[in-house]
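The residues making up each chain are set out below.
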Amino acid sequence: MQLETLNCNNCGAPLEVAATSNFVTCNHCSTRLAVRRTETSAFTEQFEEVIDRLDRIERQHDLAELDRQWERENAEFNITDGQGFPQKATYLGAAASGIGGVFCLFWIAIVSSFSPFLALFGIIGIVLSLGNALRIFLKAQSYEKAHDRYLLKRTRIKHGPNGKSTSAG
């Protein structure tokens, strides 16, 4: 078995390591070490640092995946404006749609003296306006809950199980 002489990354003590070993424990300070090799050199790295780095990489990956998932889900909360463009459903938009129903009440008051048939359009307008306002309100409410869940998941991933923050977004 061929041995390599390396130094402990923690205390600097010399280590005799098998050329095929990937991990070693320092006999002097008991630090667990990962053995790293390149084409021209070999060195040790504290195992905890390797685990921390892998944990950060995994959390960064999980954050990126969560963000991609949120982008796809986020589109579900859009409504189409009058020109056919998507926009975010908001409580203000629901209120604006409800105001359309109020306009229809005025329509009924004005045209009912002329023609009861025209007043029917006002009733249809009220039903459509209030139905649309309810639809927008529920979508805005769903968006708010989903966004809160997304932010909570993102915070949990970012800080990891031990509360450490990652440098990713």
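Look a little higher up for the structure.
Residues numbered from 1 in each chain as written. Predicted model: local features only at pLDDT ≥ 70, side-chain atom pairs only at ≥ 80, totals over all residues. Heavy atoms only, no water.

Enquirer: How do you make sense of the environment of Ala13 when you look at a structure like this?
Expert: Its location among the elements puts Ala13 in the loop between strand S1 (3-7) and strand S2 (14-18). Accessibility expressed as a relative area gives 12% for Ala13, which makes it buried. With 104 residues separating them along the chain, Ala13 and Phe117 place their C-alpha atoms 97 Å apart. Discounting residues that sit within four places of it in the chain, Ala13 has contacts with Leu6, Asn7, Cys8, Cys26 and His28. (Helix = DSSP H or I, 4+ residues; strand = E, 2+ residues; numbered from the N terminus. Buried < 20%, exposed > 50% of the residue type's maximum accessible area, 1.4 Å probe, protein only. Contact = heavy atoms within 4.5 Å.)

Enquirer: Which parts of the structure should I look at to understand the pattern of salt bridges?
Expert: Where side chains of opposite charge bring their charged atoms close, a pairing between them can arise. Considering all chains together, one arrives at 8 salt bridges under this definition. Arg37 serves as the salt-bridge partner of Glu4, at 2.8 Å between the closest nitrogen and oxygen. Of this pair, Glu4 sits in strand S1 while Arg37 sits in strand S4 (residues 32-37), and the two are 33 residues apart along the sequence. As a salt-bridge pair, Glu48 and Arg32 come within 3.2 Å of each other at their nearest N and O atoms. A residue pair is termed long-range when its members are at least 10 positions apart, and Glu48 in helix H1 (residues 47-74) and Arg32 in strand S4 qualify at 16 residues. Accessibility expressed as a relative area gives 43% for Arg32, which makes it partly exposed. (Salt bridge = Lys/Arg side-chain N within 4 Å of Asp/Glu carboxyl O.)

Enquirer: Is there a simple way to explain the sheet that holds S4 in this structure?
Expert: Adjacent strands of a sheet pair through backbone hydrogen bonds, lying either parallel or antiparallel. If you trace the 3 strands from one edge of the open sheet to the other, you get S3-S4-S5, paired in antiparallel fashion. If you trace the sheet from one side to the other, it starts and ends with strand S3 (23-25) and strand S5 (42-46), each paired once. Direction aside, neighbouring strands of the sheet carry axes that sit 35 degrees apart on average. Across 5 bridges, S4 lies against S5 in antiparallel orientation. Looking at S5, one finds that Ala34 is bridged to Glu45. (Pairing = 2+ DSSP bridges. Axes fitted to C-alpha atoms, helices over the stretch in contact; angles between N-to-C directions.)

Enquirer: What exactly am I supposed to notice about the packing of aromatic side chains here?
Expert: As enumerated under the stated definition, the model contains 6 aromatic pairs in all. Ring centres of Tyr91 and Phe137 lie 5.2 Å apart, and the angle between their planes is 50 degrees; on these two criteria the pair is classed as tilted. Of this pair, Tyr91 sits in helix H2 (residues 91-111) while Phe137 sits in helix H3 (residues 116-159), placing them 46 residues apart in sequence. Cluster of aromatic residues (ring-pair linked, three or more members): Trp70, Phe77, Tyr143 and Tyr150. (Phe/Tyr/Trp six-rings, centres within 6.5 Å; stacked < 30°, edge-to-face > 60°.)

Enquirer: How should a nonpolar patch on the surface be read in this particular structure?
Expert: Residues Phe103, Trp107, Phe117, Leu118, Leu120, Phe121, Ile123, Ile124, Val127 and Leu128 make up a contiguous nonpolar surface patch of roughly 1,000 Å² in combined accessible area. Secondary structure elements with two or more residues in the nonpolar patch: H2 and H3. Per element, the largest residue contribution to the nonpolar patch is 8 residues, and it comes from H3. Note that Val127 resides in helix H3. Of the residues examined, Val127 reaches a relative accessible area of 55% and is grouped as exposed. (Patch = residues over 30% accessible without salt bridge, like charges linked within 9 Å, V, L, I, M, F, W, Y side chains within 5 Å. Areas by Shrake-Rupley, 256 points an atom, 1.4 Å probe, with all protein chains shown as cover.)

Enquirer: Quick question: what am I supposed to make of the state of the cysteines here?
Expert: In protein chemistry, a disulfide is the covalent bond that joins the sulfur atoms of two cysteines. Here the structure, examined in full by the defined rule, presents 0 disulfides. As a non-bridged cysteine, Cys8 has Cys29 as the owner of its nearest cysteine sulfur, 3.7 Å distant. Among the residues examined, Cys29 registers a relative accessible area of 27% and is labelled partly exposed. (Disulfide = S-S within 2.5 Å.)

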